[in-house]
Amino acid sequence: MSNDAAGRETRFIVLLAALVALGPLSIDGYLPGLPDLAGDLRASAAATQLTITACLAGLAIGQLIAGPLSDIYGRRRPLLAGLALYTIASALCAVAPDVRTFVGLRLVQGVGGAFGIVIANAMVRDRTSGTRTARLFSALTLITGLAPVFAPVLGGQLLRVTAWPGIFVGLAVLGAVMLAASAAGLPEIRSSASRQPLLVVVGQLLGDRVFTGYVLANGLVFAAMFAYISGSPFVLQEIHGLSPQQYSAVFAVNAAGLIAAAQISGRLVARAGARVLLLAGLLGATAGGTTVLAAVLTRAPLPVLLIGLFVLVSSVGLVMPNAAALALADHGGHAGSAAALLGFSQFMIGGALAPLAGAGGATDALPMGIIVAVLPALALLTLGVLTRSMPDERTRRLASQGPAGHRRPRGPIADEPASSESGQRLANRRRPRLDVGPDVLPAQAAE
């Protein structure tokens, strides 16, 4: 690759990373200013928490809007429209006169930010294939892990020189910069490939049990991490007596584990394959969640609980990039819609199940322990049941059928003892799609 081409590729990846970071920055960047916000807008604690929920809902709903639009009209125009919406909503948040208006604007801000997330993921599938897709998703997972850790820190530093509205002015400036960068440096890499109605496309995707298996496995593990995020402050601080500073250190160590796992995944995927790494991540998350539950039930020392949480969160770094790459592998024609369902499932499953972690109140860790143990195990079971037939197997089965779906006579592989040649063919048949194939596809300028 020439230096010029390498530079373009680097700029492209940096742009995708910034788009993916918009969501976490929008959710977590203003958390240090929540008490002042509640006072200035005369809002109750419940109404203040609703400002977070509204943004999460916008991020979930916006992905369902952005994905299909980007499949129909290309990636560029919907992305620019979404970034413009995000920039305007962020600026208006800074001057919201009351909490109701602020909640509504946060919903719109989330919708605009969702365009960046889902279209960034779709562009990964547009530009890459095979192990390259999984490696690039691993790089984006690095941003997903870093942004929630550093967003409150950045917000806290801004509060040294400004009040909470200044954080939203900063988000508006970031949105404007992203809009300008995308308008200047992002060519249309995909033309209108599909004009099927949204419900038809969604039905086709959800009717693919392999795709659905990867989406559900990813969403269930993501929900377990959400349960950890929502439940661990009470478990570690109220029950085990950690100070806020100590809790922040634990949170940072776990985030570092997730980031390290994602980077290890990117380095190993060409050798081990995305499905193997995904299974390793699910097994690790199940082991970590089970350790957490056992520590809660037996009242084990705090280090046992911390080890379980570290293994659980770190394993997410193996699950997310590989589940995304495998889910999108067979759906290049509807990559935007497929990425939208992938992201929507994360926020919806996580948002629905994570609050259960606090069902026992601030002094009972059992609900969190049950959730983080059950969800990864359920994800592992779901993957095993729904993805037994891999993409390459389905392709070969379709190729073995004649006109009008009549099946051609089967070869001797299933009926004869395996010779070395037939055994190799059978091994190839069972190999996951992302273990083979080209590393990079050309940009699909006119698919």
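Residues numbered from 1 in each chain as written. Predicted model: local features only at pLDDT ≥ 70, side-chain atom pairs only at ≥ 80, totals over all residues. Heavy atoms only, no water.

### Quick notes on the overall build of the protein
Short version of the rule: Helix and strand labels come from DSSP, where a helix needs a run of H or I of at least four residues and a strand needs a run of E of at least two; each type is numbered from the N terminus. For every residue, the accessible area (1.4 Å probe, protein chains only) is compared with the maximum for its type, and the residue is labelled buried under 20%, exposed over 50%, or partly exposed between those bounds. Should any heavy atoms of two residues lie within 4.5 Å, those residues are considered in contact. Working definition of accessibility: Shrake-Rupley area with a 1.4 Å probe, residue cover restricted to the visible protein chains.
In terms of helices and strands, the protein carries 16 helices and zero strands. When the 447 residues of the protein are sorted by exposure, 51% land in the buried category. In the protein, once contacts between residues fewer than 6 apart in sequence are set aside, the share between residues at least 24 apart is 85%. A total of about 19,300 Å² of accessible surface is found on the protein, and carbon and sulfur atoms cover 67% of it.

### A few points about the packing of helix α9 (residues 209–239) against helix α12 (residues 302–328)
As a reminder of what qualifies: Lines are fitted to the C-alpha atoms to define the axes, a helix being fitted only along its stretch in contact, and any angle between axes, read from their N-to-C directions, falls within 0 to 180 degrees. The labels follow the angle: roughly parallel below 35 degrees, roughly antiparallel above 145, roughly perpendicular from 65 to 115, and oblique for the rest. Helix crossings are classified by the rotation of the near helix relative to the far one: an anticlockwise turn of less than a right angle makes the crossing left-handed, while a clockwise turn makes it right-handed. Each residue gets one label: Ala, Val, Leu, Ile, Met, Phe, Trp, Tyr, Cys and Pro are nonpolar, Asp, Glu, Lys and Arg are charged, and the others, such as Gly, are polar.
Taken N-terminus to C-terminus, the directions of α9 and α12 make an angle of 150°; their axes are 9 Å apart at the nearest point. When the axis of α9 is compared with that of α12, the two are roughly antiparallel. Once α9 is placed against α12, the crossing between them reads as left-handed. Residues Phe211, Tyr214, Val215, Asn218, Val221, Phe222, Ala224, Met225, Tyr228, Val235 and Leu236 of α9 form the contact with α12, whose participating residues are Leu302, Leu305, Leu306, Leu309, Leu312, Val313, Val316, Val319, Met320, Ala323, Leu326 and Ala327. Classifying every residue of the contact of α9 with α12 gives 22 nonpolar, one polar and no charged.

### Observations regarding the confidence of the model for the protein
Counted only if it meets this: As a per-residue measure, pLDDT reflects the predictor's confidence and takes values from 0 up to 100.
Per-residue confidence for the protein gives a mean pLDDT of 80; residues scoring 70 or more make up 82%. Low confidence marks residues 391–447, where pLDDT is under 50. Its contacts with residues over four positions away, or in another chain, come to 77 contacts.

### As for the nonpolar core
Inclusion rule: As used in this record, nonpolar core signifies buried Ala, Val, Leu, Ile, Met, Phe, Trp, Tyr and Cys residues forming a set joined through side-chain atoms within 4.5 Å.
Residues Leu16, Leu19, Tyr30, Phe102, Met123, Phe168 and Leu278 are the most contacted members of the largest nonpolar core, which totals 113 residues. Ranked by the residues each element gives to this core, the list is headed by α9, at 16 residues.

### Notes on helix α3 (residues 45–73)
Defined as follows: Expected helix span is computed as 1.5 Å times (number of residues minus one). Bending is quantified residue by residue as the angle between axes fitted to the seven-residue window ending at that residue and the seven-residue window starting at it. Counting of polar contacts relies on pairs of N or O atoms within 3.5 Å, with two restrictions inside protein: one atom must be capable of donating a hydrogen and the other of accepting it, and residues adjacent in sequence are counted only when both atoms are side-chain atoms.
For α3, which comprises 29 residues, the first-to-last C-alpha distance of 42 Å matches the rise-based estimate of 42 Å (1.5 Å per residue) to within 8%. Taken as a whole, α3 carries its principal kink of about 25° at Gly62. The N-cap of α3, judged by a side-chain oxygen 3.2 Å from the amide nitrogen of Ala47 a few residues on, is Ser44. In the stretch just after α3, Gly74 is the one whose phi turns positive, near 90°.

### Observations concerning the pattern of salt bridges
Short version of the rule: Every case where a carboxyl oxygen of Asp or Glu lies within 4 Å of a side-chain nitrogen of Lys or Arg is listed as a salt bridge.
Enumeration according to the criterion identifies two salt bridges in this entry. Where Asp71 meets Arg75, a salt bridge forms, and the shortest distance between an N and an O atom there is 3.0 Å. A salt bridge links Asp126 to Arg75, with the shortest nitrogen-to-oxygen separation between them at 2.7 Å. Highlighted residues: Asp126 in helix α5 (residues 99–127) and Arg75 in the loop between α3 and α4 (76–93), separated in sequence by 51 residues. As far as the burial class goes, Asp126 and Arg75 line up, both buried.

### Observations concerning the packing of aromatic side chains
Put simply, the test is: Aromatic pairs are defined between Phe, Tyr and Trp rings, using the six-membered ring for Trp, whenever the two ring centres lie within 6.5 Å; interplanar angles under 30 degrees are classed as stacked, those over 60 as edge-to-face, and all others as tilted. When the NZ atom of lysine or the CZ atom of arginine is within 6 Å of a ring's centre and also within 35 degrees of its normal, the charge is said to sit over that ring.
Tallied over the full model, the rule gives eight aromatic pairs. With a centroid separation of 5.3 Å and 90° between ring planes, the pair formed by Phe102 and Phe168 is classed as edge-to-face. Note that Phe102 is positioned in helix α5 and Phe168 in helix α7 (residues 164–185), a separation of 66 residues in sequence. You can call Phe102 buried: its relative accessible area is 0%. With centroids separated by 6.1 Å and ring planes inclined at 10°, the aromatic side chains of Tyr228 and Phe251 adopt a geometry described as stacked. One end of the pair, Tyr228, is in helix α9; the other, Phe251, is in helix α10 (residues 244–272), with 23 residues separating them in the sequence. Residue Tyr228 is classed as buried on the basis of its relative accessible area, which comes to 2%. Joined through ring pairs, the aromatic side chains of Tyr30, Phe102, Trp164 and Phe168 make up one cluster. Of note, Arg127 hangs over the ring of Phe12, and the distance from its end group to the ring centre comes to 4.3 Å.

### Points about the environment of Ala294
Note on placement: Ala294 falls in helix α11 (residues 274–298). C-alpha separation for the pair Ala294 and Ala373, spaced 79 residues apart in sequence, amounts to 9.2 Å.

### Topic: a nonpolar patch on the surface
The cut-off we apply is this: The patches reported here contain residues having more than 30% relative accessible area and no salt bridge. Joining distances are 9 Å for like charges and 5 Å for nonpolar side chains (Val, Leu, Ile, Met, Phe, Trp, Tyr).
Together, Ile61, Ile65, Leu69, Tyr73, Leu85, Leu107 and Val108 line one region of the surface with nonpolar side chains, adding up to about 520 Å² of accessible area. Where the nonpolar patch is concerned, the elements lending two or more residues are α3 and α5. A total of four residues in the nonpolar patch trace back to one element, the largest contributor, which is α3. Mapping Leu107 onto the fold places it in helix α5.

### Comments concerning helix α14 (residues 366–386)
For α14, with 21 residues, the first-to-last C-alpha span of 30 Å sits near the 30 Å given by 1.5 Å per residue. Within the span of α14, buried status applies to Pro367, Met368, Gly369, Ile371, Val372, Ala373, Leu375, Pro376, Ala379, Thr382 and Leu383. The inward-facing, buried residues of α14 contact α9, α11, α12 and α13 (335–353).

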